[in-house]
Amino acid sequence: MDRIHIKNLEIFAHHGVFPEENTLGQKFVVSATLYTDTSGAGRTDDLTQSIHYGEVSQQIQAFVAGHTFQLLERVAEELAEELLLTVPRLEQVDLEVKKPWAPVGLPLETVSVEITRGWHTAYVALGSNLGEREAYLNGAVQALRETRGCRVEQVSAFRDTAPYGYTDQGEFLNGCLRLRTLLSPLRLLDRLHEIEQAAGRERKIHWGPRTLDLDIVLYDDAVIDLPELTVPHRDMQNRDFVLYPLEEIAPWVRHPVFRKTVAELAEELRAAGGRAEEG
């Protein structure tokens, strides 16, 4: 991806853990690398096809000078989010926030915090088999649309599917959505759990009935194996209620472990009779 650099922008601001820093203020130095596709601007000489670094510099200055935080980490985090949410065509940003006059009582040139933040693509599976199933799924989609740092790009059709694992329960209504998000995988998982809880989700029986079930199926090309989160979603290649809605909106996406596309995995599942044997 192409990069535009803004180096060592000097800003007078009021960040720090000491009250004197918040009152008197001091100089901060910000550098930013903006990731975008500049090919359109390069072919047309049209600035609207790129990122206006002058406007972004003004935005950085206004944001850093207009807020007061204790930590450089907070300055960098909040600034990165603000830029990613408001600057068109910005896909990723590297930020370094320097504090030349850090009050540590020792001779030093500067201290700084450097972070990289950007947009990610996640696919989320939705399911419900209690109450107003479609209303629960639509409510989850709307809740994600209203979540800061999340943009719902596409939603599959909802379809009835037989229960998986624990079969003594009603049919599910299932779907899948594509999400552009600034949230890390674990922060996204926390948000999905909040939405489930707001819908009255109770975890009493493994694979049991539920008002709302939200699962991260894929997150970029990440392979995550943590006690609280497995990505790609465990056993997704054997689950018609995951693969078929996912195929509708992302047939070309490749499973990061099997290296097969969703369309290929779905076709294999159909050839096996639509659902693999449960283990």
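Scroll up to find the structure.
Residues numbered from 1 in each chain as written. Predicted model: local features only at pLDDT ≥ 70, side-chain atom pairs only at ≥ 80, totals over all residues. Heavy atoms only, no water.

Asker: Can you help me understand the sheet that holds strand E2 (residues 26-36) in this one?
Answerer: Strands in a sheet are paired, the pairing made by backbone hydrogen bonds, and the direction either parallel or antiparallel. Taken in spatial order, the four strands line up as E1-E2-E3-E4 in an open sheet, and their pairing is antiparallel. The open sheet has two edge strands with one neighbour each: strand E1 (2-13) and strand E4 (111-118). Each strand of the sheet is rotated relative to its neighbour by a mean of 15°, with strand direction disregarded. When E2 meets strand E3 (residues 92-99), the two strands line up antiparallel, connected through seven bridges. (Pairing = 2+ DSSP bridges. Helix = DSSP H or I, 4+ residues; strand = E, 2+ residues; numbered from the N terminus. Axes fitted to C-alpha atoms, helices over the stretch in contact; angles between N-to-C directions.)

Asker: Any chance you could explain helix H7 (residues 240-249) here in plain terms?
Answerer: Helical periodicity: at 3.6 residues per turn, an α-helix aligns residues three or four positions apart in one direction. Burial runs high along H7: nine of the ten residues are buried. Taken together, the buried positions of H7 are Asp240, Phe241, Val242, Leu243, Tyr244, Pro245, Leu246, Glu247 and Ile249. Contacts from the buried residues of H7 go to strand E5 (120-128), strand E6 (150-155), strand E7 (159-161), strand E8 (172-181), strand E9 (213-219) and helix H8 (262-271). (Buried < 20%, exposed > 50% of the residue type's maximum accessible area, 1.4 Å probe, protein only. Contact = heavy atoms within 4.5 Å.)

Asker: Quick question: what am I supposed to make of the nonpolar core here?
Answerer: The nonpolar side chains of soluble globular proteins are, as a tendency, buried together. In terms of nonpolar packing, the biggest core is built from 30 residues, with Leu34, Ile60, Leu83, Val93 and Leu95 touching the most fellow members. The set of elements that each furnish at least two residues to this core consists of E1, E2, helix H3 (53-66), helix H4 (72-86), E3 and E4. For this core, the element with the most residues is H4, which contributes seven residues. Among all residues touching Leu83, those that are not within four sequence positions of it are Val56, Gln59, Ile60, Leu90, Val93 and Leu95. (Core = buried A, V, L, I, M, F, W, Y, C linked by side-chain atoms within 4.5 Å.)

Asker: I would appreciate a short explanation of helix H6 (residues 185-198) in the present structure.
Answerer: Between its first and last C-alpha, H6 extends 20 Å over 14 residues, near the 20 Å set by a 1.5 Å rise per residue. Every buried residue belonging to H6 is among Pro185, Leu188, Leu189, Leu192, Ile195 and Glu196, and all of these are buried. Buried residues of H6 fall within an arc of 120° about the axis and therefore sit on the same side. Facing away from the buried side of H6, by more than 90 degrees, are the exposed residues Gln197 and Ala198. (Expected span 1.5 Å × (residues − 1). Arc of directions from axis to C-beta.)

Asker: Explanation requested: the pairing of E3 in the structure shown.
Answerer: For a regular strand, side-chain orientation follows a simple rule: the groups alternate between the two sheet faces. For E3, a buried count of six out of eight residues is recorded, marking the element as mostly surrounded by other parts of the structure. As paired strands, E3 and E4 are joined by eight bridges and run antiparallel to one another. From the neighbouring strand, Asp94 faces E4, where its bridge partner is Thr116.

Asker: Would you take a moment to explain the packing of H3 against H4 for this structure?
Answerer: What describes two packed helices is the angle between their axes and the distance between those same axes. It is the contact of H3 with H4, at a shortest axis distance of 11 Å, that shows an interaxial angle of 140°. As summarised for this structure, H3 and H4 are arranged oblique, according to the angle between their axes. In terms of crossing hand, the pair formed by H3 and H4 is right-handed. Along its contact with H3, which presents Val56, Gln59, Ile60, Phe63 and Val64, the element H4 presents Val75, Glu78, Leu79, Glu82, Leu83 and Thr86. Class assignment of the residues belonging to the contact of H3 with H4 gives a composition of seven nonpolar, two polar and two charged. (Parallel < 35°, antiparallel > 145°, perpendicular 65-115°, else oblique. Left-handed = near helix turned anticlockwise from the far one by under 90°. Nonpolar A, V, L, I, M, F, W, Y, C, P; charged D, E, K, R; others polar.)

Asker: Where do I start with the pattern of salt bridges in this structure?
Answerer: Opposite charge on two side chains lets them pair, provided their charged atoms get close. Evaluation of the coordinates by the stated rule reveals 16 salt bridges. Salt-bridge contacts for Arg270 lead to Glu247; the nearest nitrogen and oxygen are separated by 2.5 Å. Highlighted residues: Arg270 in helix H8 and Glu247 in helix H7, separated in sequence by 23 residues. A salt bridge links Lys260 to Glu268, with the nearest nitrogen and oxygen atoms 2.7 Å apart. Its relative accessible area of 30% is what places Lys260 among the partly exposed residues. For Glu268, a relative accessible area of 40% corresponds to the partly exposed category. One connected set of salt bridges, linked through shared partners, spans Glu91, Glu153, Arg178 and Arg180. (Salt bridge = Lys/Arg side-chain N within 4 Å of Asp/Glu carboxyl O.)

Asker: Explain the environment of Val56 to me, please; I cannot follow it from the model alone.
Answerer: Inspection of the secondary structure puts Val56 in helix H3. For Val56, a relative accessible area of 4% puts it in the buried group. Sequence spacing of Val56 and Val97 is 41 residues, and the spatial spacing of their C-alpha atoms is 15 Å. Other than its neighbours up to four places away in sequence, Val56 contacts Ile6, Leu34, Ile51, Leu83 and Val87.

Asker: Is there a simple way to explain unusual backbone geometry in this structure?
Answerer: Of all residues except glycine, most have a negative phi; of all peptide bonds, most are trans. Look at the link from Val231 to Pro232: it is a cis peptide, with omega at 0°. Following the sequence through the fold, Pro232 ends up in the loop between strand E11 (229-231) and H7. With phi around 55°, Asn8 is a residue other than glycine that occupies positive phi space. You can see Asn8 is positioned in strand E1.

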